[in-house]
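# Coordinate inspection notes
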Amino acid sequence: EPSDDSWDDSLAPVRTGFDRGLMAEKILGIYNNNGRRTFRIQFAGVDQAEMVPSNVANVRIPQMVIAFYTENLCWGPDNED
C-alpha cells in the first residue's frame, strides 16, 4: 500500500463544475499549465471561474470549445501575391 508521501496530485481526477451538474456559460481563456492545456470556464450560478482540463472540455462542451477557438484564432500576415 503506498504511503502518503508517494501521493501524486497530478494523477488524481480533477473535479469540475461539470461533476457538480453545473452548466458552462462561457470559456474565458486557455492556459498552458505544465504542458497541459486548461480552459478557464465560467459556470452558471458560480461567482468564480474554474480551470478545466482541455480533454474534459472537449468532450463536455465541444461546440463551445470550437466557438472559442474560432473567435480567438489569430491569423498571421496575409501572404497573398
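Before reading further, recall that the structure is shown in the block above.
The text that follows walks through the structure, step by step, so that each part is easy to find. (Residues numbered from 1 in each chain as written. Predicted model: local features only at pLDDT ≥ 70, side-chain atom pairs only at ≥ 80, totals over all residues. Heavy atoms only, no water.)

Most often, soluble globular proteins keep nonpolar side chains buried together rather than apart. Grouped together as the largest cluster of nonpolar side chains are 11 residues: Phe18, Ala24, Ile27, Phe39, Ile41, Phe43, Val52, Ala57, Ile61, Val65 and Phe68. Listed by contribution, the elements that provide at least two residues to this core are strand E1 (24-33), strand E2 (36-43) and helix H2 (62-72). No other element matches E2, which puts 3 residues into this core. Apart from residues no more than four positions distant in its own chain, alanine 57 is found in contact with Phe39, Ile41, Val52, Pro62 and Val65. (Core = buried A, V, L, I, M, F, W, Y, C linked by side-chain atoms within 4.5 Å. Buried < 20%, exposed > 50% of the residue type's maximum accessible area, 1.4 Å probe, protein only. Helix = DSSP H or I, 4+ residues; strand = E, 2+ residues; numbered from the N terminus. Contact = heavy atoms within 4.5 Å.)

Moving on, we get to the packing of aromatic side chains. Taken as a whole and assessed by the stated rule, the structure comprises 4 aromatic pairs. Seen in terms of ring centroids, phenylalanine 18 and phenylalanine 43 are 5.0 Å apart; in terms of plane orientation they differ by 80°. Their pairing is edge-to-face. Residue phenylalanine 18 is found in the segment before E1, and its partner phenylalanine 43 is found in strand E2; the two are separated by 25 residues along the sequence. For phenylalanine 18, a relative accessible area of 8% translates into the label buried. For phenylalanine 43, a relative accessible area of 1% gives the class buried. For the pair phenylalanine 39 and phenylalanine 68, a centre-to-centre distance of 5.9 Å together with 90° between the ring planes defines the contact as edge-to-face. With a gap of 29 residues between them, phenylalanine 39 in strand E2 and phenylalanine 68 in helix H2 connect regions that are remote in the sequence. Among the residues examined, phenylalanine 39 registers a relative accessible area of 0% and is labelled buried. (Phe/Tyr/Trp six-rings, centres within 6.5 Å; stacked < 30°, edge-to-face > 60°.)

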